[in-house]
Amino acid sequence: MALQFPTRAERPGRLPHTASLEERSLWPESLYHDPVMERFLGRVIAEDAEFQFYAWDDEREQVVGAGMAVPASWDGGAASLPDAGLDAVVEARFAGGAPEPTVLCALQILIAPEYRGQSLSARMIRRMAEIGRDHGLGTLIAPVRPTLKDRYPLTPMERYSWRRPDGTHFDPWLRTHERLGAEIAKVAPQSTTIPAAVAEWEEWTQMAFPETGAYVIPGALVPVEIDRERDEGLYVEPNVWMVHPAG
Ligand SMILES: CC(C)(COP(=O)(O)OP(=O)(O)OC[C@H]1O[C@@H](n2cnc3c(N)ncnc32)[C@H](O)[C@@H]1OP(=O)(O)O)[C@@H](O)C(=O)NCCC(=O)NCCS
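All figures in this text were calculated on a predicted structure; none of them were measured in a lab. (Residues numbered from 1 in each chain as written. Predicted model: local features only at pLDDT ≥ 70, side-chain atom pairs only at ≥ 80, totals over all residues. Heavy atoms only, no water.)

**Things to note about the site of the ligand**
Close contacts around the ligand come from 18 residues, with Gly-117, Ser-119, Ser-121, Arg-175 and Arg-179 the closest. At a separation of 3.1 Å, an oxygen atom of the ligand approaches a polar backbone atom of Gln-118. Between the ligand and the protein, one listed contact pairs an oxygen atom with a side-chain N or O atom of Arg-175 at 2.6 Å. Contact with the protein chains hides 71% of the accessible area of the ligand, taken as 920 Å² for the molecule alone. The residue makeup of the shell around the ligand, split by class, is seven nonpolar, seven polar and four charged. (Near = heavy atom within 4 Å. Polar contact = N/O pair within 3.5 Å; in protein donor to acceptor, adjacent residues only side chain to side chain. Areas by Shrake-Rupley, 256 points an atom, 1.4 Å probe, with all protein chains shown as cover. Nonpolar A, V, L, I, M, F, W, Y, C, P; charged D, E, K, R; others polar.)

Given below as structure tokens:
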């Protein structure tokens with residue numbers, strides 16, 4: 001497989017994507033409605049193009065994976081990694097008077113389903129860290145979204161750092177980051193906050209929420225809290241802050 005990992009700045013414009021990467025089902029529908037990403041995605045792409053990159057299949061001439069990251073300011077202490085994880089980092093990036101960036105923060109890595117299971121994700125993380133170093137941002141930090149946590153929505157994220165008998169993480173995405181040298185700093189309890197009307201949640205999940213309460217929904221890491229009286233469903237997704245070794 002002849003893959004290259006160009007940045008969006010190196011290969012601007014709309015590149016051909018493999019069909020499976022375009023499918024809307026790659027994330028739970030609700031994640032496409034994070035108000036912070038809805039507001040800033042355009043600026044991430046336009047203003048931080050050198051930190052967005054592709055996995056480009058040279059033979060098929062198609063994008064088969066994508067990595068997104070933004071520069072962030074961090075003093076190196078676990079306590080100052082924001083509880084609001086991904087949302088906080090993206091908002092801070094585009095806030096007026098933001099301090100000088102010191103690290104690169106991962107936003108997401110997405111791989112076309114037919115290219116999964118071939119260790120491509122580790123190459124993507126390494127490439128992301130390299131892009132940071134190329135820009136003087138020697139440390140990669142990541143509010144990691146553990147990929148199997150949706151099967152355990154009732155387990156608090158603080159308890160989810162389970163390990164297998166061989167000592168490696170139970171969760172494959174935490175395991176992949178750790179294998180590359182990253183360490184867990186702490187949980188980001190509110191990494192992505194998605195408030196929406198009950199009807200929207202019903203549409204996104206293809207479920208009915210007849211009364212106020214917590215509901216387990218497909219693909220989500222924790223239940224969504226439905227409030228019928230206020231006509232609001234609130235999803236507050238925790239992630240896990242991981243810090244890669246300085247390069
Ligand atoms: C998460 C993702 C990037 C992993 O990419 P990948 O290239 O398939 O992963 P790899 O082949 O490098 O495998 C990494 C580890 O996950 C394991 N793994 C992969 N798919 C798995 C699955 N469906 N179930 C359980 N484990 C799985 C692999 O066995 C490997 O672990 P091991 O080597 O320790 O056994 C990819 O599945 C994806 O794009 N998912 C949707 C988006 C997403 O969740 N991104 C992460 C949050 S930003």
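Picking up where we left off.
**Overview of helix H2 (residues 35–47)**
Its 13 residues place the ends of H2 19 Å apart at the C-alpha level, agreeing with the 18 Å of an ideal helix rising 1.5 Å per residue. The largest bend along H2 reaches roughly 40 degrees and is located at Leu-41. Among the residues of H2, those classed as buried are Val-36, Met-37, Phe-40 and Val-44. The secondary structure elements touched by the buried residues of H2 are strand S3 (62–72), helix H3 (85–93) and strand S4 (103–111). (Helix = DSSP H or I, 4+ residues; strand = E, 2+ residues; numbered from the N terminus. Expected span 1.5 Å × (residues − 1). Bend = angle between axes of the 7 residues up to and from the residue. Buried < 20%, exposed > 50% of the residue type's maximum accessible area, 1.4 Å probe, protein only. Contact = heavy atoms within 4.5 Å.)

**Points about the nonpolar core**
Taken as a class, soluble globular proteins show a tendency for nonpolar side chains to be buried jointly. Among the nonpolar cores identified, the biggest contains 54 residues, and Met-124, Met-128, Trp-201 and Tyr-235 are the most heavily contacted of them. For this core, the leading source of residues is helix H4 (residues 120–134), giving six residues. For Met-124, the contacting residues outside a window of four places in its chain are Phe-5, Phe-53, Ala-55, Gly-65, Ala-66, Gly-67, Ile-109, Leu-110 and Ile-111. Met-68, Val-103, Cys-105 and Trp-241 belong to the second largest nonpolar core, which has 20 residues in total. (Core = buried A, V, L, I, M, F, W, Y, C linked by side-chain atoms within 4.5 Å.)

**Digging into the pairing of strand S2 (residues 53–57)**
Taken across its five residues, S2 has five buried, putting it largely inside the fold. Pairing between strand S1 (residues 3–4) and S2: two bridges, direction antiparallel. By the bridge assignment, Leu-3 is partnered in S2 with Asp-57. In this sheet, S3 lies alongside S2 in antiparallel orientation, the contact comprising five bridges. (Pairing = 2+ DSSP bridges.)

**Some words on the side chain of Lys-149**
Along the chain, Lys-149 falls in the loop between strand S5 (140–144) and helix H5 (172–179). The buried charged residue Lys-149 lacks any salt bridge partner; its closest oppositely charged side chain belongs to Glu-158, at an N-O distance of 8.3 Å. Once residues lying within four places of it in the same chain are set aside, the contact partners of Lys-149 are Thr-155, Met-157, Tyr-160, Asp-171, Leu-221 and Val-222. (Lys, Arg positive; Asp, Glu negative; His and termini not counted. Salt bridge = Lys/Arg side-chain N within 4 Å of Asp/Glu carboxyl O.)

**So, the pattern of salt bridges**
Evaluated as defined, the whole model comprises 13 salt bridges. Put simply, Glu-130 and Arg-127 hold a salt bridge, and the shortest N to O gap is 2.7 Å. Remark: Arg-127 and Glu-130 occur in helix H4; sequence separation between them is three residues, near one turn of the helix. Residue Arg-145 pairs with Glu-237 through a salt bridge whose shortest N-O separation is 2.8 Å. Here Arg-145 is found in the loop between S5 and H5, whereas its partner Glu-237 is found in strand S9 (residues 232–243), with 92 residues between them in sequence. Grouping residues by exposure puts Arg-145 and Glu-237 together as buried. It is possible to trace a salt-bridge network through shared partners that takes in Glu-10, Arg-127 and Glu-130.

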